[in-house]
Amino acid sequence: MKARTGPLVVLGASALGGAAYRLTKPTDASDGTLNPHTFTPYTLVDRQPVSSTSAIFTLRNSSGLPDNESVRKVWRRSVWSVQIKQPQLQIARAYTPLPCTADGNKTSENEADDVRLLIRQEAGGEVSTYLHRLPVDSTIELRGPNTELTLPRDIIEVIFLAGGTGIAPAMQVAQALARRTGSRMHILWANRRREECIGGISDDTRGTAMQDRVGWWKSFWGPSEPIADTPPTDGTAKGIIVKELDALKQRSLPTKGGLDVNYYVDEEHTFIQPTDIERMITRKREETGSRLIIVSGPEGFLEYWAGKKLWADGREVQGPLRGQLGRMNLGEWRVIKL
Ligand SMILES: Cc1cc2nc3c(=O)[nH]c(=O)nc-3n(C[C@H](O)[C@H](O)[C@H](O)COP(=O)(O)OP(=O)(O)OC[C@H]3O[C@@H](n4cnc5c(N)ncnc54)[C@H](O)[C@@H]3O)c2cc1C
């Protein structure tokens, strides 16, 4: 993934590869709670390895203050991110908070308001490498929330194509839909390596048989940096994110529609296919409402499925629908590139 550089604005509310920006003003001040205008100090209370290149960072407001209303609001119907500052370089990057899937066994009163981020260490990446090297108890400054997408009120079905850490916004959508009755969601999650999704078994195995072709990763994605404390695997255990997706599925059960997840692993030669999506969009349905296909992942993933996002008037915009989805007859389904 290439870093983007640019003017004094947030450059990318989009592909997981970008969102670099220069800080525009001194940012020492903070009102104590997360807000979009100033950086707020959080303490790194835990870092749990997910794979050799990614970990879940748990951050707690350093003043012990609970979330304000703007954060509670974005959890209800948005895909949203926070920005993390790299203080020495005065640059920041966007990261996507994971929903809380805990079963209520809180170890501390503040736990519900902790910010949890799935962060991959990019080879040569400025901010992700900085974060992966920080010891627990370090201070990390956050700014946000930044809304990337607001789900339509009448949403009834979502197909979410996630590449790598693009699973984080998919989990936000799953958590928002779990609150609604009758909405259905299908997550198709592609990873280069099994270590990202150990124990993940697809709900619909028709599309995940071995295929003989080169994954989009090979051509688009550079290497990530292996980190030292890779979690042990015993062949039967489930990875953390897989467990959290299972918990989201359980939570979605009472909503009639529910959540299903398909796993695709490049090194096992299983790849998301247009036919997997066709099967989902041609299913006969009675209900009326919005149906979205959301694509989130590294730049190459986004481009392969939906075409590039574009820049217009200093803002990143959706751009024309191209790629695999651009060649399909999607009917009433609308595509959103994150
Ligand atoms: C809305 C949004 C949400 C996001 N959410 C997440 C998330 O939840 N988790 C997550 O892990 N990431 C997320 N990202 C991506 C994240 O913001 C960063 O882009 C990512 O962590 C890499 O940042 P970095 O500073 O470490 O790497 P950078 O320094 O930006 O470098 C990125 C890559 O480009 C290469 N590179 C840098 N400069 C050049 C150059 N001049 N020429 C060629 N290659 C170069 C680097 O070697 C590296 O591999 C999100 C992005 C957006 C926009």
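Computed from a predicted model, the values in this text were never measured in an experiment.

### Notes on unusual backbone geometry
Cis rather than trans, the peptide bond between Gly144 and Pro145 has omega equal to 0 degrees. Its place among the elements puts Pro145 in strand 7 (residues 139–150). The phi dihedral of His269 is positive, around 60 degrees, even though this residue is not glycine. Relative to the helices and strands, His269 is located in the loop between strand 10 (258–265) and helix 6 (274–281). With a phi angle near 50 degrees, Asp313 is a residue other than glycine that sits in the positive phi range.

### Describing the packing of aromatic side chains
Ring pairs (aromatic) are described by centroid distance and by the angle formed between their planes. Summed over all chains, the structure comprises three aromatic pairs. Relative to Trp80, the ring of Trp75 has its centre 5.0 Å away and its plane inclined at 85 degrees; by these criteria the two rings are edge-to-face. Note on accessibility: Trp75 and Trp80 belong to one class, buried. Pairing Trp189 with Tyr263 gives two aromatic rings, centres 6.0 Å apart and planes at 55 degrees, and the pair type is tilted. With Trp189 in strand 9 (residues 184–191) and Tyr263 in strand 10, this residue pair connects regions lying 74 residues apart in the sequence. Assigned by exposure class, Trp189 and Tyr263 land together as buried.

### Here's the deal with the confidence of the model for the chain
Looking at the chain as a whole, the pLDDT averages 84, with 78% of positions reaching at least 70. Under a pLDDT of 50 for its full length, residues 1–29 has, in the predicted model, 83 contacts with residues more than four places off or in other chains. The low-confidence segment residues 214–223 (pLDDT under 50) makes 28 contacts with residues lying over four places distant or belonging to another chain.

### Points about the side chain of Ser81
Considering the arrangement of structural elements, one finds Ser81 in strand 4 (residues 78–86). In contact with Ser81, other than residues within four places in its own chain, are Ala94, Tyr95, Thr96, Pro97, Gly144, Pro145, Asn146 and Glu148.

### Brief notes about the sheet that holds strand 8 (residues 155–163)
Reading across from one edge, 10-9-8-11-14 is the order of the five strands in this open sheet, with parallel pairing throughout. Only two strands of the sheet have a single neighbouring strand rather than two, namely strand 10 and strand 14 (334–337). Taking the axes of each pair of neighbouring strands and ignoring which way they run, one obtains an average angle of 15 degrees across the sheet. In terms of strand pairing, strand 8 meets strand 9 through seven bridges, oriented parallel. Across the sheet, Leu161 pairs through a bridge with Leu188, a residue of strand 9. Along the sheet, helix 5 (residues 240–252) contacts strand 9 and strand 10; its crossing angle with strand 10, the most-contacted strand, is approximately 155 degrees.

### Description of helix 1 (residues 69–77)
Within helix 1, burial applies to Val71, Val74 and Trp75. Seen from one end, helix 1 has its buried residues packed into an arc of 105 degrees, which puts them on one side. For helix 1, the elements touching its buried residues are strand 4, strand 7 and helix 3 (167–177).

### A short note on the nonpolar core
If you look at the biggest cluster of nonpolar residues, it comprises 36 residues, and the most contacted ones within it are Phe160, Ile167, Met185, Ile187, Ile241, Leu245 and Ile294. Broken down by element, the residue count for this core peaks at eight residues, all from helix 3. Beyond its immediate sequence surroundings of up to four residues, Phe160 is in contact with Gly166, Pro169, Ala170, Val173, Met185, His186, Ile187, Leu188, Ile294, Ser296 and Leu338. Counting residues in hydrophobic clusters, the runner-up holds 23 residues, among them Tyr42, Ile91, Tyr130 and Leu142.

### Notes on the pattern of salt bridges
In total, this model carries 15 salt bridges according to the counting rule given. Residue Asp114 is joined to Arg60 by a salt bridge in which the shortest nitrogen-to-oxygen separation is 2.8 Å. Note that Asp114 is positioned in the loop between strand 5 (91–95) and strand 6 (115–120) and Arg60 in strand 3 (residues 54–61), a separation of 54 residues in sequence. Residue Asp114 is classed as buried on the basis of its relative accessible area, which comes to 12%. The network of salt bridges with shared partners includes Glu157, Glu287, Arg291 and Glu332.

Rules used in this analysis
Residues numbered from 1 in each chain as written. Predicted model: local features only at pLDDT ≥ 70, side-chain atom pairs only at ≥ 80, totals over all residues. Heavy atoms only, no water. Helix = DSSP H or I, 4+ residues; strand = E, 2+ residues; numbered from the N terminus. Phe/Tyr/Trp six-rings, centres within 6.5 Å; stacked < 30°, edge-to-face > 60°. Buried < 20%, exposed > 50% of the residue type's maximum accessible area, 1.4 Å probe, protein only. pLDDT = per-residue confidence, 0-100. Contact = heavy atoms within 4.5 Å. Pairing = 2+ DSSP bridges. Axes fitted to C-alpha atoms, helices over the stretch in contact; angles between N-to-C directions. Arc of directions from axis to C-beta. Core = buried A, V, L, I, M, F, W, Y, C linked by side-chain atoms within 4.5 Å. Salt bridge = Lys/Arg side-chain N within 4 Å of Asp/Glu carboxyl O.

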